[in-house]
Each structure stands twice: as C-alpha cells, then as structure tokens.
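# Topology and contacts: notes
One-letter residues, chain by chain:
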Amino acid sequence: MKLLKKQISSKDGSGYISLLPNTPEDLWHTYNLLQIGDHVRCTTLRKVSKESSTGSVTSSKVRMNLTIEITKLEFFKDSLEVRISGPNSAESAHVRMGAFHTLTLELDRQFSIEKECWDRVFLDRIEEACNPEREAEVACVVMSGGLCHVCLVTGSVTVTKARIETNIPKKRTGSSSHSKSIAKFYDAVYRAILTHVPFDKVKVCLVGSPGFQKDDFFKFLLAESVRREDRVFIENKGKFVLCHASSGHKHAIEEFFLDPNIMSRVTETKLSKEIEVLNKFMRLLDTHPEKAYYGYFHVQKANEELAIDSLLISDELFRSPDILTRKKYVELVESVRERGGTVCVFSTMHVSGQQLQQVSGVAAILRYPLPDLDELEEIAAAHEAGIVEEESDDEEMSEEAKKERAEARMREEMADMGFDT
C-alpha cells in the first residue's frame, strides 16, 4: 500500500487520506479502514445518456471521479474485493447529487477516504499497511490423497492461491493407474508452487500431509527440479519444512503453528508472534485462569487495576457499525498502551483470529493474578441483565442519609464478626 497524501487535523482528527493498493492484502486493510458514513472518492465508469436536438438518445460509458457516502460495505474473501454503495455526495457533471452508486475498490487504482475522526487504531492500520517490509511471509502446502491447497500467509490474510483435486484410484495388482495418478497429482502441485509462491519474499514453505505423502512429494520435487533445471527450487530447497497435517483442507494450516519446531523456523514473522501470544493465553487459561481474562467487562476491570501485560483483540470488534462500541474498544487499546502493556490485533482472516473470536474477541494476559474472578462474573452478569443499580453520589446525599448508611455498614460488619447488635 502506498500513502499518496495525508491531511488530518491535529485538533479533532478529521481529514482525508489518499491510498494506492498494490497487493490483495491491501484491500483487506482498506476494508478495515472503512466505516458506514465515511466519504470515499475514486474513479469509476458510469453509463451516460445524451439526447440530441432531434430527439435521438446516445449512450456512452464515461470514466469519472465520484465521491459517495458509504451506506453499505462488503468484502469478498474469495476474490478479495471491496465493494461500497451509497449516494453521490459531491458535485458531478454527469451524476446528480444523491444518486446511488456502487464502487469496487481495485488494485493499482487510487482512492481517498474522508472521516470525521481518524483514531489511533485507524492510523496504526495505515502504518502497518504502508510498511514496505510487509509482504508474504510464509507459504503453506497441505495435501491428503488427491486434494491439495497452496496458500500464502501474510501478516493479516491467508490467501488460497491454488486448489488441486485429482481422483486417485486404489492400488490394484497388475495396474499402474494408481502410480500414474499420483505422479499427475504431484506434477500439478509442483507447477502450482512454482507459479504462485514468490520465494524471493517467502521466508519458509511449510509442506504437510498425513502419513508419508509429504516426504514422497518432496522427493518428487527435488528430482523434478534437477531434471527440469528449475533453479527456483534448487536454490530455495532449504526453505521447505515438512510437517504433519491431518488433512488437505485449508483449516489444517492451524496445526503447523502448534508445533514448537515449526514455530522456531518462522519466529521472525508477525503471524508467529500472534500465535505465540495466543498459545500462551490458552495455556494460562488451563493452568492459571486468574492470570487469563477474556470478555470486555473482565478485561476492562483488569485494565483499571493496571494488571494487563498483553491485550489480544480481534479486528472484527473495530468494524462494529455502532460508533460507541467501536469507541470503547479503541479507548481500551489506547489505555493499555499508555499503561505499558502490549497490544496484538488479530486478523479474522487467520485461524488465530478466528480462535480468538470464539472467546469474545478480546482477552488479556495479566502481570499478576486477580483471584476475585467469581465476584467479577457476578457483577458482569448483573451488568448484562441490566439489574445493576448505580449508587447515589455522596455529594447528592444528605448528611442524615450518609450517617444512616455508615451505621448500617457498621452493624453488618459487627454481625459478620459475631457480635450482637
């Protein structure tokens, strides 16, 4: 992602930013930057009809700049496209004000986003997207039988680059159809890796399968690369790591990152750091639950006690259409950073982000244990049920009411100690 122009007010955070997406991951970042009510300006094609003096009508497609106010926002995971809809909010020679239009944000096409307030989470997202070192970090190949998925795992997105499926018959005595089908399948996977994996950017290529299929494929790859003189595989064979996977489906990639031997090979990637923090949280949840909190209410209480060491939060929470909901999570992130904690924002396009979503999307690893979890759970349940009564401020109470409340508390304390009142 290229940052072309940035004009944000230091007073209220309003302004606009012009961006140019270069990779499919940039469109995912764009989707996370947009909200209902934002104004987006970019080029588009629009059919324009003109009527001549004789009454004949001619139509033509005209490329123009349009500014729309977003009322509908969609992201398509398969094609990695961002589609926005809304009324035209700026003067145009061809489109009247208020006319609805749909824009598709595409690669290598400039656009501008205008917001009433660019908060800290938005600015961090832009900084991450525009970091030139943010490229494809890990390639994953999972296979089982005649099914294979070739994926690229970047800092925020897991992109399926190829899906190979071949019917492999069972072994039969005197028949060579099984071995021919296996060779055909391995050749298709070989060509998919060669086409879709940029070894100049990828740090490691993980190949996994049940049993010994991964080992047989790797032997095939080494032999074929020498026979075909494919220098890419010969020079980068050290980047291949063989792993165990339970299936050839995409979700099996999660199993790669549970192996500490594999994690040591991808230790410098953003994804590995996120998975390491998430695994630490899950371990603490089993062994020391008083140091692992999840759910907004519990995490917020821990933050008030200055107890948060690491905050884990899903980017799904920042896409809430409710401004107040988004604001409270932004304030939580800023507060944790101000108090010396680290913040990890997990992408829901990764398996790690989907796991975090299963525990409310926000969690925290604490510096020290907070054992009064049961009391917090009771307060949280009462808060959600709407039966929590706010106590009156001391300033609003009369002196007589204050005295009565103090005497009542004293009587309760004496009763607890066994004294008759």
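Residues numbered from 1 in each chain as written. Predicted model: local features only at pLDDT ≥ 70, side-chain atom pairs only at ≥ 80, totals over all residues. Heavy atoms only, no water.

### Concerning the packing of aromatic side chains
- Applying the stated rule across the entire model yields 14 aromatic pairs.
- Where Phe199 meets Phe240, the ring centres are 5.6 Å apart and the plane angle is 45°; that geometry is what we call tilted. Of this pair, Phe199 sits in the loop between helix H3 (177–196) and strand E12 (204–209) while Phe240 is found in strand E13 (residues 240–244), placing the two residues 41 residues apart along the sequence. The pair formed by Phe199 and Phe240 is uniform in burial state, with each residue classed as buried.
- A cation over an aromatic ring shows up here: Arg326 above the ring of Phe122, its NZ or CZ 3.7 Å from the ring centre. (Phe/Tyr/Trp six-rings, centres within 6.5 Å; stacked < 30°, edge-to-face > 60°. Helix = DSSP H or I, 4+ residues; strand = E, 2+ residues; numbered from the N terminus. Buried < 20%, exposed > 50% of the residue type's maximum accessible area, 1.4 Å probe, protein only. Lys NZ or Arg CZ within 6 Å of the ring centre and 35° of its normal.)

### Some points on helix H10 (residues 323–338)
- A rise of 1.5 Å per residue sets the reference length of H10, with its 16 residues, at 22 Å; its end C-alpha atoms lie 22 Å apart and thus fit the reference within 8%.
- Among the residues of H10, Arg326, Tyr329, Val330, Leu332, Val333, Ser335 and Val336 are the ones counted as buried.
- On its buried face, H10 sits against helix H2 (120–129), helix H9 (296–304), strand E15 (308–314), strand E16 (342–346) and strand E17 (362–366). (Expected span 1.5 Å × (residues − 1). Contact = heavy atoms within 4.5 Å.)

### Quick look at the sheet that holds E17
- Pairing within the open sheet is mixed, and its 4 strands lie in the order E14-E17-E15-E16. Strands with a single pairing partner mark the edges of an open sheet, and in this sheet they are strand E14 (292–294) and E16. Ignoring strand direction, the axes of neighbouring strands in this sheet form an average angle of 15°.
- Note: E15 against E17, 5 bridges, orientation antiparallel. Its bridge partner lying in E17, Ser310 is registered against Ile365.
- Helix-sheet contacts for H10 involve E15, E16 and E17, and the interaxial angle to E15 is about 150°. (Pairing = 2+ DSSP bridges. Axes fitted to C-alpha atoms, helices over the stretch in contact; angles between N-to-C directions.)

### A word on the pairing of strand E4 (residues 57–69)
- In this structure, strand E3 (residues 39–51) lies alongside E4, joined through 13 bridges in antiparallel fashion. Bridge pairing in E4 links Thr43 to Asn65.
- Linking two consecutive strands that pair antiparallel, namely E3 and E4, is a turn of 5 residues; a positive phi of about 100° is found at Gly55 within it.

### Digging into the confidence of the model for the chain
- Looking at the chain as a whole, its pLDDT mean stands at 82, while 85% of the residues score no less than 70.
- Mean pLDDT in the chain bottoms out at helix H12 (residues 373–385), which sits at 64, and peaks at E17, which reaches 94.
- Segment residues 388–395: pLDDT under 50, and 7 contacts once partners within four positions in sequence are set aside and those in other chains are kept. (pLDDT = per-residue confidence, 0-100.)

### A closer look at the environment of Arg83
- Turning to its location among the elements, Arg83 is positioned in strand E6 (residues 81–87).
- Judged by relative accessible area, which is 31%, Arg83 ranks as partly exposed.
- Each C-alpha atom, one on Arg83 and one on Leu103, is 5.8 Å from the other, the two residues being 20 residues apart in sequence.
- Beyond its immediate stretch of four places on either side in the chain, Arg83 contacts Lys72, Leu73, Glu74, Phe76, Thr102, Leu103 and Thr104.
- A distance of 3.4 Å separates a polar atom in the side chain of Arg83 from a polar atom in the side chain of Glu81. (Polar contact = N/O pair within 3.5 Å; in protein donor to acceptor, adjacent residues only side chain to side chain.)

### Brief notes about the pattern of salt bridges
- A complete count under the given rule lists 15 salt bridges for this structure.
- A salt bridge links Asp124 to Arg120; the nearest nitrogen and oxygen atoms lie 3.2 Å apart. A residue pair is termed a helical-turn pair when its members lie 3 or 4 positions apart in one helix, as Asp124 and Arg120 do in helix H2 at 4 residues.
- Classification of Arg120 as partly exposed rests on a relative accessible area of 36%.
- For Arg231, the salt bridge is made with Glu235, and the minimal N-O distance between the two is 3.6 Å. Residue Arg231 and its partner Glu235 are located together in helix H5 (residues 231–235), separated by 4 residues, close to a single helical turn. Considered together, Arg231 and Glu235 belong to a single accessibility category, that of exposed residues. (Salt bridge = Lys/Arg side-chain N within 4 Å of Asp/Glu carboxyl O.)

### A word on the sheet that holds E4
- On the basis of which strands lie adjacent, the open sheet formed by 5 strands has the order E1-E2-E8-E3-E4 and antiparallel pairing. Edge positions in the sheet fall to strand E1 (2–8) and E4, since each has one partner strand and no second. Within the sheet, the average angular offset between the axes of one strand and its neighbour, ignoring direction, is 30°.

### Examining the nonpolar core
- Counting 28 residues, the largest nonpolar core has Leu34, Val82, Ile84 and Trp118 as its most contacted members.
- Counting residues per element, the ones that place at least two in this core are strand E2 (15–20), helix H1 (24–33), E3, E6, strand E7 (100–105), strand E8 (111–115) and H2.
- Once residues lying within four places of it in the same chain are set aside, the contact partners of Ile84 are Leu34, Val40, Ile68, Ile70, Lys72, Leu73, His101, Thr102 and Leu103. (Core = buried A, V, L, I, M, F, W, Y, C linked by side-chain atoms within 4.5 Å.)

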